[in-house]
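Examining the three-dimensional arrangement
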Amino acid sequence: MIRDSISNEAGNRVDKPERLFRSAIEAYCSIVRPTKRDAAQLDDLTLPLLPLVSPEGRRFAAAALSETGPQTTALVRRLAEEPIEISAPLLTRSVNLSDVDLIGIIGRHGIGHAQAIGKRAHLNANIAKVIKVLGAMERSAEQTDVDRVETPAVETLSEPTREPETGAAEAVRVELREMMTPSRQGETAPAAEPFVWPEPTRIFAQLLSTALTGTEAFFHTTIADALDIKFGAAQLLEEDDAPGLSTVLRSFDLSVEQAFLIATLAYPYGAVGHEAVRSFVDDYRKLELNTARASVSAWREWQARARQAVARDWEPIMDQTAANDATAARNSLRAS
């Protein structure tokens, strides 16, 4: 009897958080038109309990909240990040998730969550297109894995030889750029502060939000701010001397899914079709983080030196122009 009472007390202590959690969910769902205050109270009651709730309790909450009104709650966003067997009702039906929320979930969790989102009744056309392309990318990746298993000899010969060539070529470029920089003896340039690469999660969110606007200027501004370069330089990423958008995204340490998502939104007609998707995935996976950052850093230094050269030469040109204008003015006065 003593053991039974002890086990019952322990069971009650374990079940109590989940009972409170379920009660709060049921009370909120019983409100016909919940207000912002109701949503805030729900978050205050349930979020501290969420780590103590079983998967069954989370699944119950996701199913119940998938039918609630438009008041956005942090609990819905948290549950939408759960594994697909829990989050599926929210991803499929919830009106609490905005387009930005949905595209962020796709970028973080991949094709499983994307397929559930694709079942929504009224889905943004751009998101639907991204989900379709992600499905093609997943099939391409699976086919690539099959090809690698079937042709191991080709992989063994090709992979080790490409990376050293890329690194060596980049080292030569950096050395040549340093040799081309004019030496300025007698001047001591101030030490530049070391460049800090942006945190992957934050830069992905920033790139995603600006890419979703469909305005290239916003997207290029985000890249320019992240790399500390001029806005005009960010517009020329696909030029011959620039590292390219894929290399820049790799330098930010984004996953292949995140990079493909950003590239597809930024250039929606760039990767269309099975072969184009496979090519993007293969090239991005082969690109090492250190190699990408070396390429982007060298390009940033070149842009900084060009900007300094322009700033250094601007004042003499202005002085010379002003002097020429003054001479011309004096000549005109004498002629008169």
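To keep things clear, this report deals only with the structure shown in the data block.

Conventions we followed
- Residues numbered from 1 in each chain as written.
- Predicted model: local features only at pLDDT ≥ 70, side-chain atom pairs only at ≥ 80, totals over all residues.
- Heavy atoms only, no water.
- Helix = DSSP H or I, 4+ residues; strand = E, 2+ residues; numbered from the N terminus.
- Buried < 20%, exposed > 50% of the residue type's maximum accessible area, 1.4 Å probe, protein only.
- Contact = heavy atoms within 4.5 Å.
- Areas by Shrake-Rupley, 256 points an atom, 1.4 Å probe, with all protein chains shown as cover.
- Axes fitted to C-alpha atoms, helices over the stretch in contact; angles between N-to-C directions.
- Parallel < 35°, antiparallel > 145°, perpendicular 65-115°, else oblique.
- Left-handed = near helix turned anticlockwise from the far one by under 90°.
- Nonpolar A, V, L, I, M, F, W, Y, C, P; charged D, E, K, R; others polar.
- Phe/Tyr/Trp six-rings, centres within 6.5 Å; stacked < 30°, edge-to-face > 60°.
- Lys NZ or Arg CZ within 6 Å of the ring centre and 35° of its normal.
- Core = buried A, V, L, I, M, F, W, Y, C linked by side-chain atoms within 4.5 Å.

Observations concerning the overall build of the protein
The helix and strand tally for the protein stands at 16 helices and zero strands. Out of the 336 residues in the protein, the part that is buried amounts to 35%. Within the protein, residue pairs in contact and separated by at least 24 positions form 71% of the contacts whose partners lie at least 6 positions apart. Of the accessible surface of the protein, which amounts to about 20400 Å², a share of 55% is contributed by carbon and sulfur atoms.

Re the packing of helix α14 (residues 256-266) against helix α15 (residues 274-286)
When two helices pack together, their arrangement is captured by the angle between the axes and the distance separating the axes. Two elements in contact, α14 and α15, have axes whose closest approach is 10 Å; the angle formed by their N-to-C orientations is 130°. One finds that α14 runs oblique with respect to α15. Considering how the two elements wind past one another, α14 and α15 form a crossing that is right-handed. Along the contact surface, α14 presents V256, A259, F260 and A263, while α15 presents V277, F280, V281, Y284 and R285. Looking at the contact of α14 with α15 residue by residue, the classes come out as eight nonpolar, no polar and one charged.

Section: unusual backbone geometry
We note that D228 has phi near 60°; this positive angle belongs to a residue other than glycine. Even without glycine at this site, D253 takes up a positive phi of about 65°. Note on placement: D253 falls in the loop between α13 (245-251) and α14. A relative accessible area of 36% places D253 in the partly exposed class.

Describing the packing of aromatic side chains
According to the stated counting rule, one finds three aromatic pairs in the structure shown. On the basis of an interplanar angle of 85° and a centroid distance of 4.9 Å, the ring pair of F195 and W197 is categorised as edge-to-face. Ring plane angle 70° and centroid distance 5.2 Å describe the contact between F260 and F280, whose orientation is recorded as edge-to-face. Here F260 is found in helix α14, whereas its partner F280 is found in helix α15, with 20 residues between them in sequence. Of the two residues, F260 and F280, neither departs from the other in class, the shared state being buried. Note that R22 overlies the ring of F60, its terminal NZ or CZ placed 4.8 Å from the centroid. A cation sits over an aromatic face here: R300 above F195, 3.8 Å from the ring centre.

Description of the nonpolar core
One broad trend across soluble globular proteins is that nonpolar side chains are buried collectively. Ranked by size, the top nonpolar core spans 66 residues in total, and within it L65, L207, L227, L249 and F252 carry the most contacts. Ranked by the residues each element gives to this core, the list is headed by α14, at eight residues.

Describing the side chain of R58
Note that R58 resides in helix α3 (residues 55-65). Ignoring sequence-local partners within four residues, the contact set of R58 consists of L50, P51, V53, L79, E82 and I86.

Considering the environment of G232
As for its placement among the helices and strands, G232 is situated in helix α12 (residues 231-234). Under the relative-accessibility criterion, G232 is labelled partly exposed at 33%.

Details of the environment of W197
Among the secondary structure elements, W197 is positioned in the loop between α9 (152-180) and α10 (200-212). Through-space distance from the C-alpha of W197 to that of A226 is 7.7 Å; in sequence the pair is 29 residues apart. Once you skip the residues sitting within four places of it in the chain, W197 turns out to touch L227, S251, F252, R293, V296 and S297.

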